[in-house]
Every structure is written in structure tokens, then in C-alpha cells.
Amino acid sequence: MQSINQLVEHPLLAEKQVTLVIKREDLLHPFISGNKYRKLKYNLLAAKAENQHTILTFGGAYSNHIAATAYAAKEKGFKAIGIIRGEELENSWKTNATLKRAYDDGMRFKFISRSDYREKESQVFIDTLHNDFGPFYLVPEGGTNDLAIKGCEEIITNDDEEFDVVCSSVGTGGTVSGLIKSSFPNQKVLGFSALKGDFLKDEINKMVNNKRWQLLTDYHFGGYAKTSEELILFINEFKEKTGIPLDPIYTGKMIFGLFDMVKRDTFAVGTKIMAVHTGGLQGIAGMNSVLKKKNLPLLHI
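Bear in mind that the values here come from a model prediction, so they are computed numbers and not experimental data.

Draft legend 1. Seen up close, the nonpolar core. Membership of the largest hydrophobic core comes to 38 residues, with the highest contact counts inside it found for C167, F192, F238, I255, L258 and F267. Sorting the residues of this core by element identifies α1 (11-16), β2 (19-24), β7 (165-170), β8 (188-193), α10 (229-242), α11 (251-263), β10 (272-277) and α12 (284-293) as the ones contributing at least two each. The biggest single contributor to this core is α11, with 7 residues. Not counting chain neighbours up to four residues away, the residues in contact with F238 comprise V8, I22, G243, I244, L246, I255 and F259. I32, L44, A47 and F78 belong to the second-largest nonpolar core, a separate cluster that totals 25 residues.

Given below as C-alpha cells:
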């Protein structure tokens, strides 16, 4: 399968004379969605070259990365271990759609406290994991490392040079860094942070080679995995009007932000925008379970 560039037809875009195309990276693979497919591609090749047999990585209860790594490992013949944030999940993970699917795809879990999870990058902690599990190829939380960025550089193709602006949601900074590095000289890259704060600017700066980009921090809706009734209604309306599903953690916030910027005439008449759909749709079931408890509208699947 491959991604496609899908033109978004919407009254606001027609009124403001702005073109928006969504690069449907969510269509790359039925289970290894979007940027996770890109991030894992070269990491799995490296693991094979090192003759490793086990992939170990980190994530939370509804992690797209955990779900994607589990399936990718199975597909490529690796064992998979997920170090999961939140020891309270140990007795309830079977009711969690993301973790249940990852388990069914062969991943086995170790649930740890949030305080221990904060040590996930320390060598001492990694050494304890080697003592527990033996040799493994480590993929960091969210999948971002140099090989992941290399994979994300392949999102932009020669056919995309016509766009003035390239947009991506931002979690760890790997995807947007790949886009920045492979963007054409005529393009500006906009990253829409899903997290509160602007600390990701420093992280991205370490990974990129040009200044043709901007990190937008006004559309996080309270922070990572936070949402609101306004955002849910926007995502549902967008799907109804365009047929394109968005996730509430990343792409929904990006497209909400883009439409807000279009309303405020941020873009000149005739601007051509390409927004990258990074996938993440598997998390909708889990988010709906949270929304139901809060008596909020549910996302249309």
C-alpha cells in the first residue's frame, strides 16, 4: 500500500482561496499506521543486521507506537516487549483495546510505575531490562531516533514540491524533523505540538539542518492526550464533510489549528498546503471509552 495526496474540499478553504491536501500516510499499512511505519522501517532493518531477535520499546496505555511496534515485530519475525507506563494497568490491560491488540500480535508487557518510567533513558535502567529480558534492540518511546528521522524524510516526494507549506503534528519531534530535512527550499514546515510548552523547539533544532520551520504551541487542547468537546465536534464534522477520519491526539489538533489559521487569514490567497496524516486512528476506541466516562460526545469511527 502507499499514501495518497487527497484534496480537501471545504467551504472555508474555497472562501479563503487556500488549497489543502492531506497526505494520507494512514493508508500506508492496515496496522502499522502512518509515521510509525516510517519510523520503524530502518530500525527493524538495523535490528536484523545486528542479528537481534527481540524488539523492546516503551509506551502508555493507548500508545500508537506500542500497537504499531507489536504488529511490525510480528510481521518481520521478531519477539516484542512493551514497557508500559502505569503499574495499575497490570490487572486491567485486557479491557484496553490498544494493549489487547498488541498482546494478540505477540507483544509481552512489563508494567512499571510512572517514577520508574521517567528513568527509561538511563543506562542503569536499561541494564536492568537486559538482566530481565536478555539481548534486545531498543526502540525509544514514540520511536524517534536517527533511523526514524531517516524514514520520515521519505514522506515528502518529488511530486510534493508544488506545496508552499508542509504541516505535521508533533509528539516527540521525529516526524517533523524528517519533513524539515527533506523539504524543498521553497517550503515552510509547520509543526503543531500535541504537548504543552515549547521545549520541543530545542529537541527539533538538534535534529534538523535548516530554519524553514515553525513550532506552533497554541493547539494542544491542554496537553498530550487531552481533548475537549470543541475538538471532538470538529473532528466529527470534518469527517462528515470530507470523509477523512482524524485522531484526537495528533492529526485532529493539527487540522483544527490549520482551519483556525485559515479563518484568521494567516495564509495568503493561493497558498498550497500539504498536511501529513500521521495515522493514530487505532486510538479512537480507547479515547471513546474515556469520553464516555466523562459524558462527552463520542468520536465517529
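So much for the structure itself; the text now carries on.
Draft legend 2. Seen up close, the sheet that holds strand β5 (residues 107-112). With respect to topology, 4 strands assemble into an open sheet ordered β5-β4-β3-β6, the strand pairing being parallel. This sheet does not close on itself; its edge strands, each paired only once, are β5 and β6 (137-138). As paired elements, strand β3 (residues 54-59) and strand β4 (residues 79-85) share 6 bridges and run parallel to each other. By the bridge assignment for β4, T57 is matched with G82. This element, helix α3 (residues 64-76), spans β3, β4 and β5 of the sheet and lies at about 170° to β3.

Draft legend 3. Looking closely at the pairing of strand β9 (residues 213-216). Pairing of β8 with β9 involves 4 bridges; the strand directions are parallel. Looking at the pairing, L190 lines up with Q214 of β9. Note on the crossover from β8 through helix α9 (residues 200-207) to β9: the handedness is right-handed.

Draft legend 4. Main features of helix α4 (residues 97-104). All of the buried residues along α4 are T98, L99 and A102. Projection of α4 onto a plane perpendicular to its axis shows the buried side chains occupying an angular sector of 90°, all on one side. In this structure, the buried residues of α4 make contact with α3, β4 and β5. Structurally, the start of α4 carries an N-cap: the backbone nitrogen of T98 is 3.0 Å from a side-chain oxygen of N96. Directly after α4, the chain includes G106, whose backbone phi takes a positive value near 110°.

Draft legend 5. Structural view of the sheet that holds β10. With mixed pairing, 6 strands are arranged side by side in an open sheet as β1-β2-β10-β7-β8-β9. Sheet topology places β1 (5-7) and β9 at the edges, where each strand pairs with a single neighbour. Shown here is a sheet whose adjacent strand axes are inclined to one another by a mean of 25°, direction ignored. Against the sheet, helix α8 (residues 174-182) makes contact with β7, β8, β9 and β10, and its axis sits at roughly 160° relative to β7, the strand it touches most.

Draft legend 6. Just α10, in detail. Given a rise of 1.5 Å per residue, 14 residues ought to cover 20 Å, and the 20 Å separating the end C-alpha atoms of α10 matches this to within 8%. For α10, every residue scored as buried is listed here: L231, I232, F234, I235, N236, F238 and T242. Buried-residue contacts for α10 involve β1, β2, α11 and α12. Positive backbone phi, at 80°, marks G243, one or two positions downstream of α10.

Procedures and definitions
- Residues numbered from 1 in each chain as written.
- Predicted model: local features only at pLDDT ≥ 70, side-chain atom pairs only at ≥ 80, totals over all residues.
- Heavy atoms only, no water.
- Core = buried A, V, L, I, M, F, W, Y, C linked by side-chain atoms within 4.5 Å.
- Buried < 20%, exposed > 50% of the residue type's maximum accessible area, 1.4 Å probe, protein only.
- Helix = DSSP H or I, 4+ residues; strand = E, 2+ residues; numbered from the N terminus.
- Contact = heavy atoms within 4.5 Å.
- Pairing = 2+ DSSP bridges.
- Axes fitted to C-alpha atoms, helices over the stretch in contact; angles between N-to-C directions.
- Right-handed = clockwise from strand over helix to strand, strands pointing away.
- Arc of directions from axis to C-beta.
- Polar contact = N/O pair within 3.5 Å; in protein donor to acceptor, adjacent residues only side chain to side chain.
- Expected span 1.5 Å × (residues − 1).

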